[in-house]
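Fold and geometry: a report
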Amino acid sequence: MPRLGMVIDLKVCVGCHACTSACKATNGTPPDIMFARVHEHEVGEYPQARREFLPVLCNHCADPPCVDVCPTGASYQRPDGIVAVNSDVCIGCRSCATACPYENRHYVEPGLLSKGYFDGDLTLYERVKYKRWTEGTVIKCDFCMDRVDQGLLPACVVTCPAEARHFGDLADPASHVSQLLRERESFTLLPDAGTQPCVHYLKA
Amino acid sequence: MNDKYKTGVRFNHPFRILETLSFVGEGVGAALFIVSVLTRQLAIAALGVAFVVVAVLALRTHLGQPTRGWRAVSRLSTSWVSRGTLVIGGFLASATLSVIATYMGVNGLLLSMLALAALTCAVLVMLYAGLLLRSIRAIRFWGGTGLALAFPLHSAATALTISIALIPWLPGGANRSPWLIPAAIICLLLCLAISAAHIMRLESSAGTRASMNRLLAGDLRFQFLWGAGIFGVALPLIGLVTLGLFMAPEDLANAAWLLAAIALSRLYGDFAYRHSIVIAGAYEPIMPQTSNRIAVSAAK
């Protein structure tokens, strides 16, 4: 059984936010909703202070708490490990958003899809892209599963100019991501939460 | 910038005032129904059903797609929201039928079965909110058994104080239920003890520390300390002890304003307690070395 996951190399991430832009462009998420984000924080003190970057997205956990709490079955996990939401079934109770320790679920507020990024009417791009979303439901990163199903890589992976992002089957010992995890020291976010994230970070 | 785009401690944002309203409404409504069975007062049962109806309306307003609400019972095996929806629906149906049957003078097996079903659902409805919050592993402040016990106790204490305020005006009066005031006092003391135990036995983490900072020194301190502590527990306790010591049950009707004030103070205190607990729930920093200073200062 495959277990799709991502490995992000923090040593080469330059914090350019290209992943955020690529995700936005591909998925056309509404204002203030970003599936792929880059957190920045300061480490150390002057004169050794520096900024560190932490790209985040849905961790597609092996034990996803967001799926368990969903009262309708709208949140589901595919056999390959991708966690997704069926907008036709979601009732917008936001239990999943509360249960996600990483806050990687986003609620589309009623009226948000008619707002757009600019005053006045939606742009042509927004009109086309927003058709995918339903107001009053929760949306999230699905590892660009439409692309993955066609044999393509997620948009954030192909866009990363530093090639910090690697995508593949974590269950396959011969895969590129498994090799990276064997060769380099890595960590996952909030391991104490017991969610078994499938997004791993290679230490800087 | 949205709080969720920070790596430090972030406070719960999906659950807000409508969830608190529904938690208070369903808990107090179910407890009122149980008190009504014990005191045999139909009006209190009807009030209990009305509280739960208000809770359901609040919950429905919270839903992004309320017309699909019926789907919420699809995942009983894993989801507490599903289980809660089922028992609340079961309570509303059985309690409403039970009230109507009693009002119409129906007796016998049917009424007993309806009342039994409503009572069973009422107990589960009272337990539901605390268990729901406890099941959210991401927020450690809601974990443990303390909160799961505190929520039904707060519901019982509020229902008892409301019943004490109403019962002198109902058929049979306070003479028939002299145990109400002692029961309310015991419940309030238990609320205080269990709520304190929940806070004192919290797992130590950046998230729980931020929650406590917010409750005791942050923007929720007035609501938590004054609302939940003074209005919710201290004032009702002083009022009920005074009434219990110095007033005979048959004279309670003479203290109508005081009883109403105690009930309203308790109702507000119950809401303040649950609202501050819900709002103060915090997620752990996703990077262990990240300070929680940003989130705490934002809350202030």
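Cut-offs used in this document
Residues numbered from 1 in each chain as written. Chains lettered and ligands numbered in written order. Predicted model: local features only at pLDDT ≥ 70, side-chain atom pairs only at ≥ 80, totals over all residues. Helix = DSSP H or I, 4+ residues; strand = E, 2+ residues; numbered from the N terminus. Rg over C-alpha atoms; globule rule 2.2 N^0.38 Å. Buried ≥ 20, exposed ≤ 12 C-beta atoms within 10 Å, placed from the backbone. Core = buried A, V, L, I, M, F, W, Y, C linked by C-beta atoms within 7 Å. Contact = placed C-beta atoms within 7 Å. Axes fitted to C-alpha atoms, helices over the stretch in contact; angles between N-to-C directions. Parallel < 35°, antiparallel > 145°, perpendicular 65-115°, else oblique. Left-handed = near helix turned anticlockwise from the far one by under 90°. Nonpolar A, V, L, I, M, F, W, Y, C, P; charged D, E, K, R; others polar. pLDDT = per-residue confidence, 0-100. Pairing = 2+ DSSP bridges.

1. Focus: the overall build of chain B
- Within chain B one finds 10 helices and two strands.
- Taken over the C-alpha trace, chain B has a radius of gyration of 20 Å; the compact-globule value for 300 residues is 19 Å, and the two agree within 12%.
- Here the C-alpha coordinates of chain B stretch approximately 65 × 50 × 30 Å along the principal axes.
- The buried share of chain B, taken over its 300 residues, is 54%.

2. Let's talk about the nonpolar core
Residue and element names in this part refer to chain B.
- If you look at the biggest cluster of nonpolar residues, it comprises 149 residues, and the most contacted ones within it are Leu-32 and Phe-91.
- It is helix 5 (residues 145–166) that contributes the most residues to this core, 14 residues altogether.
- Leaving out residues up to four positions away in the same chain, Leu-32 has contacts with Ile-44, Leu-47, Gly-48, Phe-51, Ala-159, Ile-162 and Ser-163.

3. A look at the packing of helix 6 (residues 180–200) of chain B against helix 8 (residues 221–246) of chain B
Residues and elements named next belong to chain B.
- It is at 10 Å that the axes of helix 6 and helix 8 come closest, and there the two elements cross at 150 degrees. In terms of orientation, helix 6 lies roughly antiparallel with respect to helix 8. The hand of the helix 6/helix 8 crossing is left-handed. Contacts from Ile-181, Pro-182, Ala-184, Ile-185, Leu-188, Cys-191 and Leu-192 in helix 6 reach Val-233, Pro-236, Leu-237, Leu-240, Val-241, Leu-243 and Gly-244 in helix 8.
- In terms of residue class, the contact of helix 6 with helix 8 is made up of 13 nonpolar, one polar and no charged.

4. Details of the interface of chain A and chain B
- If you look at the interface, chain A gives 35 residues, while chain B gives 31 residues.
- When contributions to the side of chain A that touches chain B are tallied by element, the ones reaching two or more residues are strand 2 (37–43), helix 2 (65–69) and helix 3 (95–99) of chain A.
- At four residues, helix 3 of chain A tops the list of elements feeding residues into the side of chain A that touches chain B.
- In terms of residue class, the side of chain A that touches chain B is built from 19 nonpolar, 10 polar and six charged.

5. Side note on the packing of helix 1 (residues 17–39) of chain B against helix 4 (residues 109–135) of chain B
All names here are of chain B.
- Between helix 1 and helix 4, the shortest axis-to-axis distance is 8 Å and the interhelical angle comes to 145 degrees. As for how helix 1 packs across helix 4, the hand of that crossing is left-handed. For the pair helix 1 and helix 4, the contacting residues are Phe-23, Glu-26, Gly-27, Ala-30, Ala-31, Phe-33, Ile-34 and Val-37 in the first and Ala-115, Ala-118, Leu-119, Ala-122, Val-125, Met-126, Tyr-128 and Ala-129 in the second.
- When the residues that make up the contact of helix 1 with helix 4 are grouped by side-chain class, the tally is 14 nonpolar, one polar and one charged.

6. Quick word on the environment of Leu-116 of chain B
- When you line up the elements, Leu-116 of chain B lands in helix 4.
- Under the C-beta neighbour-count criterion, Leu-116 of chain B is labelled partly exposed, with 13 such atoms within 10 Å.

7. Describing the confidence of the model for chain B
- Residues with a pLDDT of 70 or more make up 93% of chain B, whose mean pLDDT is 89.
- In the predicted assembly, ipTM is 0.89 and pTM is 0.90.

8. Some words on the sheet that holds strand 9 (residues 186–187) of chain A
Residue and element names in this part refer to chain A.
- An order of 8-1-10-9 is seen for the four strands of this open sheet, with the pairing classed as mixed. Of all the strands in the sheet, just strand 8 (165–169) and strand 9 have a single pairing partner and so form its edges.
- Relative to strand 10 (residues 199–202), strand 9 runs antiparallel, the two sharing two bridges. Each residue of the ladder has a partner; that of Ser-186, found in strand 10, is Leu-202.

9. Overview of the environment of His-198 of chain B
Residues and elements named next belong to chain B.
- Secondary-structure assignment places His-198 in helix 6.
- When the C-alpha positions of His-198 and Ala-150 are compared, they lie 8.0 Å apart, and in sequence the two are 48 residues distant.
- Contact partners of His-198, with chain neighbours within four places excluded, come to Gly-144, Gly-146, Leu-147 and Ala-150.

10. Points about unusual backbone geometry
Residues and elements named next belong to chain A.
- With an omega dihedral of 10 degrees, the bond running from Tyr-46 to Pro-47 counts as a cis peptide bond.
- Mapped onto the elements of the fold, Pro-47 is located in the loop between strand 2 and strand 3 (50–56).
- The phi dihedral of Asp-32 is positive, around 70 degrees, even though this residue is not glycine.
- With respect to the element layout, Asp-32 can be found in the loop between helix 1 (18–27) and strand 2.
- Here the phi dihedral of Glu-163 falls at roughly 55 degrees; this positive angle occurs in a residue that is not glycine.
- Within the element layout of this structure, Glu-163 appears in the loop between helix 6 (155–159) and strand 8.
- Look at Glu-163 and you get exposed, because 11 C-beta atoms sit within 10 Å.

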